[in-house]
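Structural characterization, general
What follows is each chain in one-letter form.
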Amino acid sequence: MLMGSFAYEALPMRVRFGSGTVSALREEVAHLGLHRVLILCTPGQAPMGELVSAALGEHSAGLLAEARMHVPIEVATLARDRAAALDADGCVVVGGGSAIGLGKIVALEHGLPIVAVPTTYAGSEMTSVWGRTSDGVKQTGKDLRVLPASVLYDPELTVALPVPISVTSGLNAVAHAVEALYAPDASPIVSLLAEEGTRAMTTALPAIVRDPRDLDARTLGLYGSWLCGVCLGATTMSLHHKLCHALGGTLNLPHSATHAVVIPHVLAYNQAAAPAATEALSRVLGASDPARALWDLAGKLRAPRSLAELGMRKDDIEPIAEQVVANPYANPAPITRDGVVRLLRAAWSGQPPSNIS
Ligand code: NAD
């Protein structure tokens with residue numbers, strides 16, 4: 001196939017990867033010229049935050065274990081005030097998208113650089129996208145200031161990630177790669193990353209389910225999440241991410257589980273209109289129908305496969321479809337209200353995906 005012209009913009013950051021990498025955190029903070037960093041994590045990750053704080057020694061200004069999903073404005077204000085009170089000159093964020101999201105708002109509002117230590121597969125550390133929720137409305141934007149200056153991937157920190165979250169978070173990562181393969185700003189570079197990221201993640205997940213303490217599988221999973229995160233940061237996402245944003249924002253459905261349920265259906269919707277992406281995913285998943293293969297994989301991994309089981313009511317289908325078709329955006333298959341309703345009905349009830357665009 002002839003290659004067309006394309007543009008690719010690499011985002012500036014340092015990455016350290018490997019088992020035990022977190023022990024280099026102090027060195028990394030010093031390398032960035034930071035002296036007093038505020039550590040941010042979710043309440044559940046407080047023991048890990050304490051460990052990180054201890055490892056940072058005199059470079060630790062303190063720990064705030066208050067990060068919450070979707071960065072509520074009150075938590076953002078608390079973090080900002082704490083950073084100012086402690087005279088922090090940077091943040092170390094330990095955790096998933098919620099902790100990293102909080103660090104991003106502190107970076108956006110105060111210019112404090114972030115060092116990220118991701119412990120889920122959500123991929124936020126690889127993007128310049130920020131989000132903040134006020135009065136139930138999530139505002140998002142893109143700004144290079146929120147991109148972590150440095151990311152340390154340590155698979156040992158992911159060993160305790162519960163299997164159900166590992167599985168849905170891993171499928172969340174795969175969804176980034178799927179949409180990057182058919183993005184309006186796709187490129188051969190990103191496609192390489194997407195294919196390799198999907199291969200790594202879909203190989204790692206069954207092994208993680210068999211033995212969550214399998215460090216080789218955890219390493220492969222975290223590597224996959226890194227590559228899929230780069231895909232998210234490098235391209236413009238389409239129907240899948242718009243749908244999940246609407247489902248999460250309007251109905252408060254859980255982030256990664258929603259992605260896990262929806263991605264096979266959106267892929268089925270787009271497959272015929274995105275032959276190169278379908279070919280790449282067929283290669284990786286070893287199946288002529290990658291949407292079905294992803295749905296089957298979710299079943300084997302015991303991931304949720306219906307929006308109903310995540311708490312969505314059947315009556316919510318039409319309003320969500322309205323929201324998703326309200327504004328135009330790039331997507332391989334044309335976005336129609338009827339098509340989105342059919343997609344949502346299948347995802348809601350847990351039927352296998354079918355080509356419904
Ligand atoms: P999360 O950060 O909320 O983490 C899920 C749960 O797992 C939390 O309770 C957390 O404490 C726990 N956890 C995390 N790591 C753990 C570990 N190693 N061991 C045990 N428990 C652990 O969930 P998420 O899916 O990573 O992130 C979701 C949020 O991130 C959403 O708000 C989403 O919008 C945002 N996000 C943003 C971007 C972006 O580019 N801006 C990308 C992806 C996700």
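Summary of the structure given here. (Residues numbered from 1 in each chain as written. Predicted model: local features only at pLDDT ≥ 70, side-chain atom pairs only at ≥ 80, totals over all residues. Heavy atoms only, no water.)

**Observations concerning the nonpolar core**
L40, L243 and L307 are the most contacted members of the largest nonpolar core, which has 92 residues in total. Residues from two domains meet in this core; each of domain 1 (14-158) and domain 2 (165-349) gives at least three. Leaving out residues up to four positions away in the same chain, L307 has contacts with L247, L253, T258, V261, V262, M312, L344, A347 and W348. (Core = buried A, V, L, I, M, F, W, Y, C linked by side-chain atoms within 4.5 Å. Buried < 20%, exposed > 50% of the residue type's maximum accessible area, 1.4 Å probe, protein only. Domains from an automatic or database assignment. Contact = heavy atoms within 4.5 Å.)

**With respect to unusual backbone geometry**
Positive phi outside glycine occurs at D87, with the angle close to 55°. Located in the positive-phi region is N252, a residue other than glycine, with phi close to 60°. With respect to the helices and strands, N252 occurs in the loop between α8 (239-251) and α9 (255-270). The class of N252 is exposed, set by a relative accessible area of 59%. (Helix = DSSP H or I, 4+ residues; strand = E, 2+ residues; numbered from the N terminus.)

**So, the pattern of salt bridges**
In this structure the tally under the stated criterion is 17 salt bridges. Note that R26 and E58 form a salt bridge whose closest N and O atoms lie 2.8 Å from each other. Residue R26 is located in helix α1 (residues 25-31), and its partner E58 is located in the loop between α2 (46-56) and β3 (60-64); the two are separated by 32 residues in the primary sequence. For E58, a relative accessible area of 53% translates into the label exposed. (Salt bridge = Lys/Arg side-chain N within 4 Å of Asp/Glu carboxyl O.)

**Topic: helix α10 (residues 275-285)**
Buried within α10 we find A277, T278, A280, L281, S282 and V284. Buried residues belonging to α10 abut α5 (163-181), α6 (188-210), α9 and α11 (290-300). Following α10 by one or two positions, G286 has its phi on the positive side, about 65°.

**What about the sheet that holds strand β5 (residues 114-118)?**
An order of β1-β8-β5-β4-β2-β3 is seen for the 6 strands of this open sheet, with the pairing classed as parallel. Looking along the sheet, the strands with just one partner apiece sit at the ends: β1 (14-17) and β3. For this sheet, the mean angle separating the axes of adjacent strands, direction not counted, is 15°. Bridging between strand β2 (residues 37-40) and strand β4 (residues 90-95) involves 4 bridges; their strand directions are parallel. If you follow L38 over to β4, its bridge partner there is C91. Set on the sheet, helix α4 (residues 97-110) makes contact with β2, β4 and β5; between it and β4 the angle comes to about 165°. (Pairing = 2+ DSSP bridges. Axes fitted to C-alpha atoms, helices over the stretch in contact; angles between N-to-C directions.)

**Quick notes on the environment of V92**
Mapped onto the elements, V92 comes out in strand β4. For V92, a relative accessible area of 0% translates into the label buried. As a C-alpha pair, V92 and G49 span 43 residues in sequence and 9.3 Å in three-dimensional space. Once residues lying within four places of it in the same chain are set aside, the contact partners of V92 are L25, V29, V37, L38, I39, L40, V52, L56, V115 and V117.

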